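# Summary of structural features
This is what each chain is made of:
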Amino acid sequence: MVAAVLGIRFRTAAHLLRREWWRALLTGFGVLWVVMMLPSLVWIRAALATQDAQIRGDGLVAIAALAGLGWVVVPLVVASLDDTLDPARFRIVGVPARAILPGLLVAALLTLPAVFFALAFAVIGSVWADEGWAVQAMAYAGLAATLLCMIVGARVTALWGTRLLASRRAKLVTAATMLVGLAIGAVIARSLFIEGLSGLVETDLDTLLAQLALTPLGAGAAVGRSAAYGDWWGAAWRLGLQAGWALLLVGAWHANIARALVRPLSRGSGARRRQDRVLDAPPTLAAPTDAPAAAVHARLRRAWLSDPRYLASLAGVLLLPASFFILVVPVFDLDGRWAYAVPLMLAASVGWGRHNDVAFDSTGLWLDVVSGRLGSAVMRGRMSATVAWGLPVTVLVALATVAWTGRWEDAGSLLGTTVGVLGVSLGIAAVFAVATPYRTPAPGQNPFGAEVGSVGAGLAAQLVSSAVAMVVLPVVVAPFVLGLVVDPRWGWGAAVAGLAVGGAAYLGGVTLAGVLYDKRAGRLLAAVA
């Protein structure tokens, strides 16, 4: 069965490489990047080799822990290249999970990221070569178990994330996860702001690395150090801990595969409601007044509250601004005014992310198309559903940022600029959602995946929309920056320009998107269905 699963993977990859030239180009760039990283790996190895066993062990633990966190987080915020071997695709074959699991595991080990990390661990892990073959063998065994945990952990995280977001408690899970993440980030940010990076490294880094070496995040990487010190019992139990964790993750993966093979697509919670939120939606300030736009607005507002794909997008939108404030500002000891970038990043992320709005609503698109030439109403309803939550959130974050800096004289200009960035981003996204549509996971499918063959169109849409946004957004942001560094009077211009340009870009983008929608209705259905 391993050969059959690998055959599916390789034949699909070969077919896509022949049909889509860009995929071969990306693969070539990936291989080139791996080759270009080899000197860096050799340099890291040489730097660690000159240190004592304690420093070498701490360095490997830090590298393994950061890589492990990356393998867990990245699948939740960045869609995978394709879903060729998504376990749900094997439903119609009727094979048990234990039959396809070995093939899926081998296929996961043969991906380019897995091969790169295996190469990296092989190079960096050779720092124990001068300690003897037994120490080196133990170190490689620990790193191999660590890599296996990373690869399998990424699969388990994505599958569990899909299950949680598709459950009746999806909103609760998403909110709880965000609150926990913000709480952890607040603690880290507070420590960095108070002690600074150097102080935190001097006082807490040794303790952190020592504790990580006792957990599955760093136990395997610490095997070599224990063996080098002659603590073979310590090396053995750390290796056993890492191997046991790997077996536990494989068991969890098997359970998720078995569930995916027999469970139908999850398309709703089935909860009974006293009021239909789409046909009889409660009125809101952001809802359009005309019936067609209001109906689309209600449908999209419902999606933002319950659809796993939208909830996953919401989590991804918050990642970059939160990371900038929690890590970049304190680590580089930036001036407090750099925190103003947080609401601007958030506004840009909220708006730019809607470039796939039409594709996400693929199952409802046909209803909009057969209802007549209602492109303007449809796009107003779509974008207003994002404005309904995006505008209050970005305004609140802007006010919170001003309160944190204590510079209330900048409040007006920051608010105007934030609104302007949101309006411009949404206007651009509205146009590209219609002009460059591409297939995304359908309702009920893995929200962290991507349709086979859709990556090229998705990459092109993202690159082009990003390029347009980078050209237009400086027009809104420049007056605000001038108000901070040149003359405060520019701040009033920033407030007015942000509101004017943002409003005009939003209305113009939605109007143009509506015209394109009517002209491209048939092609839209073909592109995203």
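Residues numbered from 1 in each chain as written. Predicted model: local features only at pLDDT ≥ 70, side-chain atom pairs only at ≥ 80, totals over all residues. Heavy atoms only, no water.

In the nomenclature of an unreviewed UniProt entry, the chain is known as ABC-2 type transport system permease protein of Demequina lignilytica.

## As for the overall build of the chain
Rules: Numbering of helices and strands starts at the N terminus; helices are DSSP runs of H or I of at least 4 residues and strands are runs of E of at least 2. Buried residues are those whose accessible area, probed at 1.4 Å on protein chains only, stays under 20% of the maximum for their type, while exposed residues exceed 50% and partly exposed ones sit between those limits. Any pair of residues with heavy atoms lying within 4.5 Å of one another is described as a contacting pair. For the area figures, the Shrake-Rupley method with a 1.4 Å probe applies, and any residue is considered shielded solely by the protein chains shown.
If you tally the helices and strands in the chain, you get 19 helices and zero strands. Of all 529 residues assigned to the chain, the portion counted as buried reaches 44%. Expressed as a percentage of contacts within the chain between residues at least 6 apart in sequence, the contacts between residues at least 24 apart total 81%. Accessible area of the chain: about 25,700 Å², with a carbon and sulfur share of 71%.

## A word on the packing of helix α10 (residues 291-306) against helix α15 (residues 375-405)
Let me state the cut-off plainly: Only the contacting stretch of a helix is used when fitting its axis, a line to C-alpha atoms as for every element, and angles between N-to-C directions run 0 to 180 degrees. Geometric relationships in this document are graded by angle, where less than 35 degrees denotes roughly parallel, more than 145 denotes roughly antiparallel, 65 to 115 denotes roughly perpendicular, and other angles denote oblique. Helix crossings fall into two classes, left-handed where the near helix is turned counterclockwise from the far one by less than a right angle and right-handed where it is turned clockwise.
Contact geometry for α10 and α15: axes closest at 7 Å, N-to-C directions at 40°. Compared by their axis directions, α10 and α15 come out oblique. As for how α10 packs across α15, the hand of that crossing is right-handed. Two secondary-structure elements touch here, α10 through P292, A293, V296, H297, R299, L300, R301 and W304 and α15 through A377, V378, R380, G381, R382, S384, A385, T386, A388 and W389.

## Some points on helix α12 (residues 341-352)
Three- or four-residue spacings in an α-helix give side chains the same orientation, since the helix completes a turn every 3.6 residues. Keep this limit in mind: By this rule the span expected of a helix is its residue count minus one, scaled by 1.5 Å.
Between its terminal C-alpha atoms α12 stretches 16 Å, which fits the 16 Å expected from 12 residues at 1.5 Å a residue. Extensive coverage of α12 is indicated by the burial of 10 of its 12 residues. Among the residues of α12, those classed as buried are A341, V342, P343, L344, L346, A347, A348, S349, V350 and G351.

## Overview of the packing of aromatic side chains
Selection criterion: Any Phe, Tyr or Trp ring, taking Trp's six-membered ring, that has another such ring centre within 6.5 Å forms a pair; planes under 30 degrees apart are called stacked, those over 60 apart edge-to-face, and the others tilted.
A full pass over the atoms with the stated rule returns four aromatic pairs. Judged by centre distance (5.6 Å) and plane angle (65°), the rings of W71 and F117 are edge-to-face. Residue W71 is located in helix α3 (residues 53-77), and its partner F117 is located in helix α5 (residues 112-124); the two are separated by 46 residues in the primary sequence. For F117, a relative accessible area of 21% translates into the label partly exposed. A network of ring pairs unites the aromatic residues W71, F116, F117 and F121 as a single cluster.

## Brief notes about a nonpolar patch on the surface
Basically, it comes down to this: Nonpolar side chains (Val, Leu, Ile, Met, Phe, Trp, Tyr) within 5 Å and like charges within 9 Å form the patches, drawn only from residues with over 30% relative accessible area and no salt bridge. Whenever a carboxyl oxygen of Asp or Glu lies within 4 Å of a side-chain nitrogen of Lys or Arg, that contact is scored as a salt bridge.
On the surface, V31, V35, L38, L112 and L119 cluster together into a nonpolar patch covering about 350 Å² of accessible area. At the level of secondary structure, the elements contributing two or more residues to the nonpolar patch comprise α2 (21-49) and α5. Examining the composition of the nonpolar patch, we find that three residues originate from one element, α2, more than from any other. Position of L112 relative to the elements: it lies in helix α5.

## Topic: the pattern of salt bridges
Overall, the coordinates contain six salt bridges when judged by the stated rule. Between D130 and R56 there is a salt bridge; the shortest N-O distance is 3.4 Å. Here the residue D130 occupies a position in the loop between α5 and α6 (133-165), and R56 occupies one in helix α3, the gap between them amounting to 74 residues. One salt bridge connects D410 with R407, and the closest N-O pair in it is separated by 2.7 Å. The network of salt bridges with shared partners includes R56, D130 and E131.

## Looking at helix α14 (residues 362-370)
Defined as follows: The reported arc concerns the directions from the helix axis to the C-beta atoms and nothing else.
Residues of α14 that are buried include every one of S362, G364, L365 and D368, and no others. Angularly, the buried residues of α14 cover 140° about the axis, an arc narrow enough to put them on a single face. In the stretch just after α14, G372 is the one whose phi turns positive, near 120°.

## Looking at the packing of helix α1 (residues 2-19) against helix α4 (residues 97-109)
Convention followed: Residue type decides the class: Asp, Glu, Lys and Arg count as charged, Ala, Val, Leu, Ile, Met, Phe, Trp, Tyr, Cys and Pro as nonpolar, and the leftover types, Gly among them, as polar.
Two elements in contact, α1 and α4, have axes whose closest approach is 8 Å; the angle formed by their N-to-C orientations is 45°. By the criterion of interaxial angle, the relationship of α1 to α4 is oblique. As for how α1 packs across α4, the hand of that crossing is right-handed. Contacts from V2, V5 and L6 of α1 reach α4 at I100, P102, G103, L104, V106 and A107. Counted by class, the contact of α1 with α4 contains eight nonpolar, one polar and no charged residues.

## Focus: the environment of G498
Within the fold, G498 resides in helix α18 (residues 490-519). Each C-alpha atom of the pair G498 and L473 lies 10.0 Å from the other, and the pair is 25 residues apart in sequence. Excluding residues that lie within four positions of it along the chain, G498 makes contacts with G416, T417, V419, G420, V476 and G503.

## Here we look at the environment of A398
You can see A398 is positioned in helix α15. Looking at A398, the relative accessible area reads 1%, which means it is buried. The spacing of A398 and T417 is 19 residues in sequence and 9.8 Å in space, taken between C-alpha atoms. With residues up to four places along the chain from it excluded, the contact list for A398 reads P343, L414, L415 and T418.

## Considering the environment of A137
Residue position: A137 is located in helix α6. On the basis of relative accessibility, which here comes to 42%, the residue A137 falls in the partly exposed class. Sequence spacing of A137 and S126 is 11 residues, and the spatial spacing of their C-alpha atoms is 9.6 Å.

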